[in-house]
Amino acid sequence: MGYVKFFEAFKIAAKSLIHNRTRTFLSVLGVIIGICAIIVSVGLVQSVSISVSKQLEESGLDSLILALHYDIDIGEMSGYLNSKQNLIVGITPRKTYYTEVLSSDGKNYKCEVLLLKPSSYILENLKLVKGRFLSVLDEEKLNKVAIVFDDQAEKLFNSKNGVLFKKLFIGGEEFEVIGTVAKQKRMTDISIGSSYYDINIIVPYKVGESIFNLEKASQMFYIKSINSIYNPKIKELLEEYLQNKGLNKEDYAVIDGRELVQSITTISYLLSGLLGGVAAISLIVSGIGIMNIILVSVTERTKEIGIRKAVGAKSSDIRLQFLIESFLISTIGCLVGIVFGLGIVYGVIPDVLGVEAIISPIWIIISIGICYLIGLLAGWAPAERASRLNPIVALRYE
């Protein structure tokens, strides 16, 4: 018997919503926008943060970055870090210089010049594609040689083939290309390939310092540990060494790969919650719209409610009918909003941002829960009002 009553109430509610198509559409639209906003905002944050975290986790957790404005003896620092036990694979310095490079076809490109040591080939996990990498002799003889990235070679030389031994003019100085490399997914690659600069070129450390007058420029050191579990100990020894050299904490900065991943994860959770909460406000607004349409529906159908009560309908039957209307609006809006939201997350974000689209299913469940809660709260007051109408008064209503 209960199923029959529910089915009848469902048919009446559906007919009412179909009869008032415009009002129903506007109410459903509010729910669609609210749900879609939650899915897209959370999906955007999670996709970007998880993409960055994955890149770091793949091979950057075993790295630390030291930034300072002073010259440090790398050999001495490396020996100090390994004084008690071998904790590090190696240390490589890096300096960056920004200028212009003249391509073979006479075009000028904004260029990020990376001053690296020969050991960077191993420590930064660069993949040699053609030619050779930097050597100790290049540093000793101050050879003006350069390494270009394989995916940028065509822009510089109109071809990926035959780029070896070609000339480049970097900041007005002539360099010879001795090799091409491919980027690897490492923490140290975050600074490589900035969208502001068209080209990234590697030159010998000492050569770049001499030509571009960077002897006193600030520098960064990339320290690779034998295992990321030793990062805290290495960081402690590193700070101890620098303080023994008379440096204060404000003179340097040490970034641990593991701490960076943890920070990104924490920020991701905070941003997801914040943006999800802001988007949920639009659902509250749509809930007010649902309440409005149900209240109008109750007012318009006051006489109908009186007739139904006069022929034996209970207050619970009337209440159920209007609650079903509210839930139908919420359900339709929720489902369509999820479809549109996921369509944007998985269809637009990868193309626009170039990252893998990811959204946790828990946020879809939360969105559905919020939607139904608002549908219940929005429909309850009008449904209760309809159920308490006096049938005699309702029958006289015009």
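Since the model is a prediction, treat every value here as computed from it, not as a measurement. (Residues numbered from 1 in each chain as written. Predicted model: local features only at pLDDT ≥ 70, side-chain atom pairs only at ≥ 80, totals over all residues. Heavy atoms only, no water.)

When you look at the pairing of strand 10 (residues 252-256) in this model, what are you seeing that I'm missing?
Consecutive residues of a regular strand have side chains that alternate between opposite faces of the sheet. Where burial is concerned, the two faces of strand 10 differ: the one with Y252, V254 and D256 is buried and the one with A253 and I255 is not. As defined by bridge partners, strand 1 (residues 63-68) adjoins strand 10 across five bridges and the pair is classed as antiparallel. Among the inter-strand pairings, L64 is bridged to a residue of strand 10, identified as D256. (Buried < 20%, exposed > 50% of the residue type's maximum accessible area, 1.4 Å probe, protein only. Helix = DSSP H or I, 4+ residues; strand = E, 2+ residues; numbered from the N terminus. Pairing = 2+ DSSP bridges.)

I keep staring at the pattern of salt bridges and nothing clicks. Help me out?
Pairs can form between side chains of opposite charge once their charged atoms are near each other. Evaluated as defined, the whole model comprises seven salt bridges. With its nearest N and O atoms 2.5 Å apart, the salt bridge here joins E76 to K245. Remark: K245 occurs in the loop between helix 8 (231-244) and strand 10 and E76 occurs in helix 3 (residues 74-81); sequence separation between them is 169 residues. Salt bridges linked by common partners bring K95, K206 and E209 together as one network. (Salt bridge = Lys/Arg side-chain N within 4 Å of Asp/Glu carboxyl O.)

Would you mind showing me how to read the packing of aromatic side chains here?
Any aromatic ring pair is given by two values, namely how distant the centres are and how the planes are angled relative to each other. If you walk through the whole model with that rule in mind, you get four aromatic pairs. Where Y80 meets Y241, the ring centres are 5.4 Å apart and the plane angle is 45 degrees; that geometry is what we call tilted. Of this pair, Y80 sits in helix 3 while Y241 sits in helix 8, and the two are 161 residues apart along the sequence. Taking relative accessible area as the criterion, Y80 reaches 22% and is therefore assigned partly exposed. The exposure class of Y241 is buried, given its relative accessible area of 4%. Each member of the aromatic cluster is reached from another via a ring pair, and the members are Y97, F175 and F212. (Phe/Tyr/Trp six-rings, centres within 6.5 Å; stacked < 30°, edge-to-face > 60°.)

Mind showing me how you'd approach the confidence of the model for the protein chain here?
When pLDDT drops low, the exact placement of atoms in the prediction is not to be read closely. On average, residues of the protein chain carry a pLDDT of 78, and 87% of them reach 70 or more. The secondary-structure element of the protein chain with the lowest mean pLDDT is helix 14 (residues 391-396), recorded at 60, while strand 5 (residues 145-149) shows the highest, at 92. (pLDDT = per-residue confidence, 0-100.)

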